[in-house]
Amino acid sequence: MANVELKHVYKRYPNGFEAVKDFNLEIEDKEFIIFVGPSGCGKSTTLRMVAGLEEISSGELYIDGQLMNERQPKDRDIAMVFQSYALYPHMTVYDNMAFSLKLHKVPRDEIDRAVREAARILDLETLLERKPKALSGGQRQRVAMGRAIVRNPKVFLMDEPLSNLDAKLRGQMRVEISKLHQRLGATIIYVTHDQTEAMTLGTRIVVMKDGIVQQVDNPQNLYNHPSNKFVAGFIGSPQMNMISARVAEAGGEILLEFEDNRFALEGARAKALRDGGYVGKTVTLGIRPEHIYDARTTENRPGLLHFQTQVRVYEMLGANALVYFDMGQAGWVASVDATVQQKSGDVISLALDTAKVHVFDSESEMAIEG
């Protein structure tokens, strides 16, 4: 396997549009890197530049220390798995997986060994004589992955490989891909717009917006310490609640005030707001739905801001429920224990965990942290 390095990579089209801007990333050997972001953010374009399917306008791409900018895709020792399975319909599973090796005139016994080993890894051994039309979507995607595995490439590139599958199959295939990464010890670059895939698969995640890298970090840090408002809102489902809040100081305490609510911040965040000159100014407060509780379940826990609100929509999800309500002009949602069910129009007491709030600069949208 290999490491991959992108240095100041840009993609500019003839009309002047920049799809990717100053992309810098070092991918270590055997890492599972996820590119995630909304449609049109440049994640697939970046992947295609690594593959050689898109020309790099400026910057440098290295694979295993070798400059790749001018090398053809076939000479980069990469294998790509696409959103569409791209299987040959007239060929059996065996022949689909063996095709690229036959093109490279690999000896027949080596081809057979490689195909059967990949089939064993992917649980395709009983399907080798079937044609693609006789396979389910999940089985076809496993064949597409098997075709990549047999080549034993330095880097696997996967472009939204699960987006054509239903929710159950996507869940199953996430597990399969994770096991595959552990088994092969492969370097994998994986593109998705699905944050669940990103958070469950990636050792590190690259969050992109408008062709620009917003944050590169492991899933836990992305969730707990988003670098800006965009990352905070994009990572997490349901997404983070946001509202404008005023920073005040009273009795030596730094307070956040919003609507009819106020609470004191402590420690490093309070110091960052005071030292940053935010007292008297407006910031953006963020709180994740799972950090707003049904007040009846909190049992006098410290550090909670209690408030009452009217349920707009109540969604039962089994053990938990989503409560949609209005916080001033903003629509908020809380993920609460579903022991006592509510209905639309009910008045409910909720408790916000003040230790879990995030604060962002209203202009730059960057996180304010101590």
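A. Highlighting the packing of helix α2 (residues 93-103) against helix α3 (residues 108-121). Close contact between α2 and α3 brings their axes to 10 Å; oriented N to C, the two are set at 135°. With respect to their mutual orientation, α2 and α3 come out oblique. As for how α2 packs across α3, the hand of that crossing is right-handed. On α3, the residues that touch Tyr94, Met97, Ala98, Leu101 and Lys102 of α2 are Ile111, Asp112, Ala114, Val115, Arg116, Ala118 and Ala119. Of the residues belonging to the contact of α2 with α3, the class tally is 9 nonpolar, no polar and 3 charged.

B. Representation of the side chain of arginine 288 in the model. Looking at the element boundaries, arginine 288 is found in the loop between β14 (282-287) and β15 (292-294). There is no salt bridge for the buried arginine 288, and the closest opposite charge comes from glutamate 290, which lies 4.9 Å off by N-O distance.

C. Representation of the packing of α2 against helix α4 (residues 137-149). As a packed pair, α2 and α4 sit with axes 8 Å apart at the nearest point and diverge in direction by 30°. Crossing of α2 over α4 shows right-handed handedness. On α4, the residues touching Val93, Asn96, Met97 and Ser100 of α2 are Val143, Gly146 and Arg147. Of the residues assigned to the contact of α2 with α4, the class counts are 3 nonpolar, 3 polar and 1 charged.

D. The arrangement of the nonpolar core in detail. In terms of nonpolar packing, the biggest core is built from 47 residues, with Ile34, Met97, Val115, Met145, Ile177, Tyr190 and Val207 touching the most fellow members. Contacts of valine 207, omitting those with residues within four sequence positions, involve Val36, Ile212, Val213, Gln214, Gln215, Leu222, Phe230, Val231 and Ile235. Ranked by size, the runner-up nonpolar core spans 35 residues in total, among them Val283, Ile292, Phe307 and Ala321.

E. The arrangement of unusual backbone geometry in detail. Residue proline 238 is bonded to the preceding serine 237 through a cis peptide linkage, with omega at -5°. When you line up the elements, proline 238 lands in the loop between α8 (229-234) and β11 (241-250). For aspartate 123, which is not a glycine, the phi torsion comes out positive at approximately 60°. Inspection of the secondary structure puts aspartate 123 in the loop between α3 and α4. A residue is classified by how much of its surface remains accessible, and aspartate 123, at 55% relative accessible area, is exposed.

F. Region of interest: α3. Relative to the 20 Å expected for 14 residues at 1.5 Å per residue, α3 spans 20 Å between its end C-alpha atoms, a close match to the ideal helical length. Looking only at α3, the buried set comprises Ile111, Val115, Ala118, Ala119 and Ile121. Summarising the axial view, the buried residues of α3 lie within an arc of 160°, below the 170-degree limit, and thus occupy one face. Along α3, exposed side chains directed more than 90 degrees from the buried face belong to Asp109 and Arg113. The elements touched by buried residues of α3 are α2, α4 and α5 (167-184). One or two steps after α3, the chain reaches aspartate 123, where phi turns positive at roughly 60°.

Here is what the cut-offs are and how they apply
- Residues numbered from 1 in each chain as written.
- Predicted model: local features only at pLDDT ≥ 70, side-chain atom pairs only at ≥ 80, totals over all residues.
- Heavy atoms only, no water.
- Axes fitted to C-alpha atoms, helices over the stretch in contact; angles between N-to-C directions.
- Helix = DSSP H or I, 4+ residues; strand = E, 2+ residues; numbered from the N terminus.
- Parallel < 35°, antiparallel > 145°, perpendicular 65-115°, else oblique.
- Left-handed = near helix turned anticlockwise from the far one by under 90°.
- Contact = heavy atoms within 4.5 Å.
- Nonpolar A, V, L, I, M, F, W, Y, C, P; charged D, E, K, R; others polar.
- Buried < 20%, exposed > 50% of the residue type's maximum accessible area, 1.4 Å probe, protein only.
- Lys, Arg positive; Asp, Glu negative; His and termini not counted.
- Salt bridge = Lys/Arg side-chain N within 4 Å of Asp/Glu carboxyl O.
- Core = buried A, V, L, I, M, F, W, Y, C linked by side-chain atoms within 4.5 Å.
- Expected span 1.5 Å × (residues − 1).
- Arc of directions from axis to C-beta.

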